[in-house]
Each structure stands twice: as C-alpha cells, then as structure tokens.
Amino acid sequence: MVIYRGAGFFTLLTPIVAVLLLLWLYPDPSVAKGNITLAQFLLGCGIGAAINVVLGFVLNRGVRPEGVPARHHFFYLPMQWPSLTIVLACAVVAVLR
C-alpha cells in the first residue's frame with residue numbers, strides 16, 4: 001500500500017527538515033547542545049507545513065474529472081490538507097502553552 005503519490009512525501013519530510021535547519025541555524029543557548037525548545041519545534045513544524053500547504057495548492061491546481069485523485073497526495077488526501085492540519089495543530093499548541 002502506497003501512502004503517498006507524487007510529492008506527497010513532502011508532507012512529513014519538509015517539517016522535519018525545517019526543524020533540523022532551525023536547530024542548526026538558530027540554536028537556543030538556554031538548552032543543552034542538540035536539544036530544542038518546544039517553541040522552536042512548533043515554529044519549525046509550522047513553517048515547514050505552511051510551505052507544504054502552498055506547494056500542495058500549486059501542484060494540485062487545475063480541474064480534474066470526477067473520481068480522479070489528486071496528483072500529489074498523502075494518505076489519499078491532497079497533500080495541502082494534512083499539512084494544513086499540522087499548521088493548525090502547531091498553532092493550537094503554541095496558543096495553549
């Protein structure tokens with residue numbers, strides 16, 4: 001069973017890369033080397049997923065016939081919608097903390 005099609009694997013890959021880049025480029029001096037704060041983690045995941053939302057809308061634009069799936073999907077949903085839920089989850093956790 002393939003859980004992604006086209007560029008759908010970016011749905012999880014881009015937030016992970018964004019967190020690692022944030023850790024490497026802007027380390028927090030208040031935590032031990034190699035660690036990351038919750039705020040940095042949420043910011044990295046949110047930025048990476050927001051990039052995927054825009055990328056998903058660009059890649060999946062255009063009218064498709066009824067019954068034809070999106071060209072770039074993750075778990076059979078167009079890749080922008082799971083990415084949007086990641087952005088919303090990061091925003092909710094950031095607001096609640």
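This structure is a prediction, so every number in the text was calculated from the model and none was measured.

A. How the structure looks around the sheet that holds strand β3 (residues 77–78). Spatially, three strands are ordered β1-β2-β3 in an open sheet, and the strand pairing comes out antiparallel. Across the chains shown, the open sheet's two edge strands, defined by having one partner strand only, are β1 (4–5) and β3. Inspection of the sheet shows strand β2 (residues 73–74) paired to β3 by two bridges, in the antiparallel sense. Looking at β3, one finds that histidine 73 is bridged to proline 78.

B. Structural context of helix α3 (residues 80–96). For α3, spanning 17 residues, the distance from its first C-alpha to its last is 24 Å, which sits close to the expected 24 Å at 1.5 Å a residue. Among the residues of α3, those classed as buried are Gln80, Pro82, Ser83 and Cys90. On its buried face, α3 sits against α1 (10–25), α2 (38–59), β2 and β3.

C. The arrangement of unusual backbone geometry in detail. Backbone geometry at phenylalanine 75 places phi at a positive 50°, although glycine is not the residue there. Among the structural elements, phenylalanine 75 can be located in the loop between β2 and β3. Positive phi is not limited to glycine here, since tyrosine 76 has a value of about 65°. The residue tyrosine 76 is located in the loop between β2 and β3 in this model.

D. View of the confidence of the model for the chain. When pLDDT is averaged along the chain, the result is 89, and 99% of the positions lie at 70 or above. Within the chain, α3 carries the highest mean pLDDT (95), whereas β1 carries the lowest (79).

E. Looking closely at the packing of α2 against α3. Two numbers describe how α2 lies on α3: the axes approach to 8 Å, and their chain directions differ by 150°. When the axis of α2 is compared with that of α3, the two are roughly antiparallel. Crossing angle aside, the handedness with which α2 passes α3 is left-handed. In this structure, α2 uses Leu42, Cys45, Gly46, Ala49, Ala50, Asn52, Val53, Gly56 and Phe57 to contact α3, whose residues at the interface are Gln80, Trp81, Ser83, Leu84, Ile86, Val87, Cys90, Val93 and Ala94. A per-class count over the contact of α2 with α3 returns 13 nonpolar, five polar and no charged.

F. Fine view of the side chain of glutamine 80. Here glutamine 80 is to be found in helix α3. Other than its neighbours up to four places away in sequence, glutamine 80 contacts Asn52, Val53, Gly56, Phe57 and Asn60.

G. Main features of the packing of aromatic side chains. Here the structure, examined in full by the defined rule, presents three aromatic pairs. Taking 5.4 Å as the distance between ring centres and 90° as the angle between the ring planes, the aromatic pair formed by phenylalanine 57 and tryptophan 81 counts as edge-to-face. Here phenylalanine 57, found in helix α2, pairs with tryptophan 81, found in helix α3; they are 24 residues apart in sequence, far enough to count as distant. The exposure class of phenylalanine 57 is partly exposed, given its relative accessible area of 42%.

About the criteria used
- Residues numbered from 1 in each chain as written.
- Predicted model: local features only at pLDDT ≥ 70, side-chain atom pairs only at ≥ 80, totals over all residues.
- Heavy atoms only, no water.
- Pairing = 2+ DSSP bridges.
- Helix = DSSP H or I, 4+ residues; strand = E, 2+ residues; numbered from the N terminus.
- Expected span 1.5 Å × (residues − 1).
- Buried < 20%, exposed > 50% of the residue type's maximum accessible area, 1.4 Å probe, protein only.
- Contact = heavy atoms within 4.5 Å.
- pLDDT = per-residue confidence, 0-100.
- Axes fitted to C-alpha atoms, helices over the stretch in contact; angles between N-to-C directions.
- Parallel < 35°, antiparallel > 145°, perpendicular 65-115°, else oblique.
- Left-handed = near helix turned anticlockwise from the far one by under 90°.
- Nonpolar A, V, L, I, M, F, W, Y, C, P; charged D, E, K, R; others polar.
- Phe/Tyr/Trp six-rings, centres within 6.5 Å; stacked < 30°, edge-to-face > 60°.

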